[in-house]
Amino acid sequence: MRFTFISGSERAGGNTDMVVDYAAEVVHRLGGETDIISLREFRINPCSPCGDCNIRTTPCAIEDDVPNLLDRMVQADALVYAAPVHGFGLSHLMQIFLERAGVGYLRFDRPLANKLAGVVVTGRRYSHSDVHAQIMNNLLLNRTILVGSGYPVTFTGGAPGDALRDQEGLDALCSMIDRMAEFAQLLGTPSAGGRKALPAPAERNERETSRLRHLVPPTSNLIARAPEANGANVATAQE
Ligand SMILES: Cc1cc2nc3c(=O)[nH]c(=O)nc-3n(C[C@H](O)[C@H](O)[C@H](O)COP(=O)(O)O)c2cc1C
């Protein structure tokens, strides 16, 4: 069982680092391995204005450390993204990474699919839920498996060390690691069906039509009963 943590804080030894170190220690005591990626230690260039992400079929041409980081993430059974709140939103390090990793690489064959994933947010007091939701959406897009474990893992407190005094945050973190570890073991067991029973990462992509779309054909009454398209509604409003 290998957990990879991705930390989006630029403050070495700050709350995010402390919480990630704590979580890694929990994983070790459960008998797992860890890899900690501190984004501040790598060259991650922002997306350029080329704007051809939606038509390009080959990986991004910008050269930085993102491909190597993704190689490390692909080795994981479970991924934990940890980021502080900055300006009521995601810290810029994590924001740039999500954009670059996503449009530059992950969108092509979704290599993180079927990995377990979790989110940790640190912040003084404001907008933790917004940051949590943004990372969760990104993890869903990448077809990772989010395991419910109770309350979202958020830490309140601005000064370094505050996070480790947030008992409720630590409880939520432990519950999340616990559930992720349980599911990692379950999915890793072929006799239980497990990871091998799941579709391989490249098998499905959100840009393709879902394999279930034929189950309710366009001729179905459900669809035929739908109201007229927007144009008709606009015309009605003008009458
Ligand atoms: C530029 C900046 C903006 C911040 N904006 C917010 C914010 O909008 N909401 C909040 O609760 N905390 C905010 N904080 C506080 C940090 O989220 C908080 O100190 C957190 O613990 C930092 O984690 P770190 O120690 O890993 O850097 C901000 C901090 C910085 C440096």
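Above this note sits the structure.
Scope of this entry: the structure provided in the associated data block. (Residues numbered from 1 in each chain as written. Predicted model: local features only at pLDDT ≥ 70, side-chain atom pairs only at ≥ 80, totals over all residues. Heavy atoms only, no water.)

### Digging into the packing of helix α2 (residues 66-74) against helix α3 (residues 92-109)
The interhelical angle for the contact between α2 and α3, taken along N-to-C directions, is 85 degrees, at an axis separation of 10 Å. The angle between α2 and α3 places the two elements in the roughly perpendicular class. Within the contact between the two elements, α2 uses Val66, Pro67, Leu69, Leu70 and Met73 and α3 uses Phe97, Arg100, Ala101, Tyr105 and Leu106. (Axes fitted to C-alpha atoms, helices over the stretch in contact; angles between N-to-C directions. Helix = DSSP H or I, 4+ residues; strand = E, 2+ residues; numbered from the N terminus. Parallel < 35°, antiparallel > 145°, perpendicular 65-115°, else oblique. Contact = heavy atoms within 4.5 Å.)

### Looking at the site of the ligand
Taken together, 18 residues form the shell around the ligand, and within it Thr16, Val85, Phe88, Arg125 and Tyr126 come nearest. The contact in question runs from a nitrogen atom of the ligand to an N or O atom on the backbone of glycine 87, over 2.9 Å. In the complex, the protein chains occlude 74% of the 640 Å² of accessible area that the ligand would expose alone. Counting only elements with at least two residues in the shell around the ligand, the list comes to α1 (15-29), β3 (78-86) and β5 (116-123). Take the shell around the ligand: its biggest share by element is three residues, from β3. In terms of residue class, the shell around the ligand is built from four nonpolar, 11 polar and three charged. (Near = heavy atom within 4 Å. Polar contact = N/O pair within 3.5 Å; in protein donor to acceptor, adjacent residues only side chain to side chain. Areas by Shrake-Rupley, 256 points an atom, 1.4 Å probe, with all protein chains shown as cover. Nonpolar A, V, L, I, M, F, W, Y, C, P; charged D, E, K, R; others polar.)

### Quick word on α3
Its 18 residues place the ends of α3 25 Å apart at the C-alpha level, agreeing with the 26 Å of an ideal helix rising 1.5 Å per residue. At glycine 102, α3 shows its maximal kink, close to 50 degrees. Residues of α3 that are buried include every one of Leu93, Met94, Phe97, Leu98, Arg100, Ala101, Gly102, Gly104, Tyr105, Leu106 and Arg107, and no others. In this structure, the buried residues of α3 make contact with β1 (2-7), α2, β3, β4 (89-90) and α4 (128-141). (Expected span 1.5 Å × (residues − 1). Bend = angle between axes of the 7 residues up to and from the residue. Buried < 20%, exposed > 50% of the residue type's maximum accessible area, 1.4 Å probe, protein only.)

The values reported here are purely geometric and, on their own, carry no functional implication.
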